[in-house]
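# Examination of the molecular architecture
Chain residues, written in single-letter form:
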Amino acid sequence: MAYTYDDTNIFAKILRGEIPNKTVLETEHSLAFEDIAPQAPIHVLVIPKGPYVSYDHFAQAASDAEIVDFTRTIGQVCEKLGLQPPSGNGFRAISNTGAHGVQEVPHLHVHILGGRMLGRMLQRAE
Ligand code: AMP
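Residues numbered from 1 in each chain as written. Predicted model: local features only at pLDDT ≥ 70, side-chain atom pairs only at ≥ 80, totals over all residues. Heavy atoms only, no water.

This part is about the pairing of strand β2 (residues 30-34). Here β2 lies mainly inside the structure; 4 of its 5 residues are buried. Note that strand β1 (residues 23-26) and β2 share 3 bridges and pair antiparallel. Its bridge partner lying in β2, leucine 25 is registered against alanine 32. Two successive antiparallel strands, β1 and β2, enclose a turn made up of 3 residues. Two strands pair when backbone bridges link them, and β2 and strand β3 (residues 42-48) are joined in this way by 5 bridges, in the antiparallel orientation. By the bridge assignment for β3, serine 30 is matched with proline 48. (Buried < 20%, exposed > 50% of the residue type's maximum accessible area, 1.4 Å probe, protein only. Helix = DSSP H or I, 4+ residues; strand = E, 2+ residues; numbered from the N terminus. Pairing = 2+ DSSP bridges.)

The following block contains the structure:
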């Protein structure tokens, strides 16, 4: 599978320092920052610093070091924000991809949502 990465997307601009972000955590290969339009009291986006469009692209093309770093950063963000049960009340991690996933920004990101009861995962579209 060939993937095309468009480096004009907004998260690429954040990574280049062209637009600001509210950083929660930064590591060698990953950046976590607050979502600009939060859907819950806690809404953080975790992105790899490398040019990956989606989770499947990342899984196919990223190095082991990037994959380990990204996965651990997600866990560290949840820990830092106090979301992990049993002391915390839990969270949801979502990565939207493509048209059916309703992905707006074509740079891999995992949404970390928490701080309120989030309800069932999906509403059935009849
Ligand atoms: P998605 O629909 O999964 O691609 O999610 C894209 C997310 O990026 C949305 O939740 C937006 O609110 C968020 N977003 C867009 N621009 C920015 C920005 N400059 N800083 C932080 N979050 C942003």
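Here we take up helix α3 (residues 64-80). Across its 17 residues, α3 extends 24 Å between first and last C-alpha, which sits within 8% of the 24 Å expected from 1.5 Å per residue. Those residues of α3 not exposed but buried are Glu66, Asp69, Phe70, Thr73, Ile74, Val77 and Cys78. Packing partners of the buried residues in α3 comprise β1, β2, β3, α2 (55-61), β4 (91-94) and β5 (110-114). Looking at the residues trailing α3, positive phi occurs at glycine 82, about 70°. (Expected span 1.5 Å × (residues − 1). Contact = heavy atoms within 4.5 Å.)

The next point concerns the site of the ligand. Neighbouring residues of the ligand: 16 residues in total, closest Asp35, Asn96, Glu104, His109 and His111. Histidine 109 is positioned such that a nitrogen or oxygen atom in its side chain is 2.8 Å from an oxygen atom of the ligand. In isolation the ligand offers 510 Å² of accessible surface; the protein chains occlude 87% of this area. Using a 2 Å cut-off from the grid points, one finds that the ligand occupies the largest pocket. With 3 residues, the single largest contributor to the shell around the ligand is helix α1 (residues 10-15). (Near = heavy atom within 4 Å. Polar contact = N/O pair within 3.5 Å; in protein donor to acceptor, adjacent residues only side chain to side chain. Areas by Shrake-Rupley, 256 points an atom, 1.4 Å probe, with all protein chains shown as cover. 1 Å grid on protein atoms, 1.4 Å probe; cavity = no way out; pocket = protein on both sides within 12 Å on 5 of 7 lines; lining within 4 Å. Sits in = over half its atoms within 2 Å of the grid points.)

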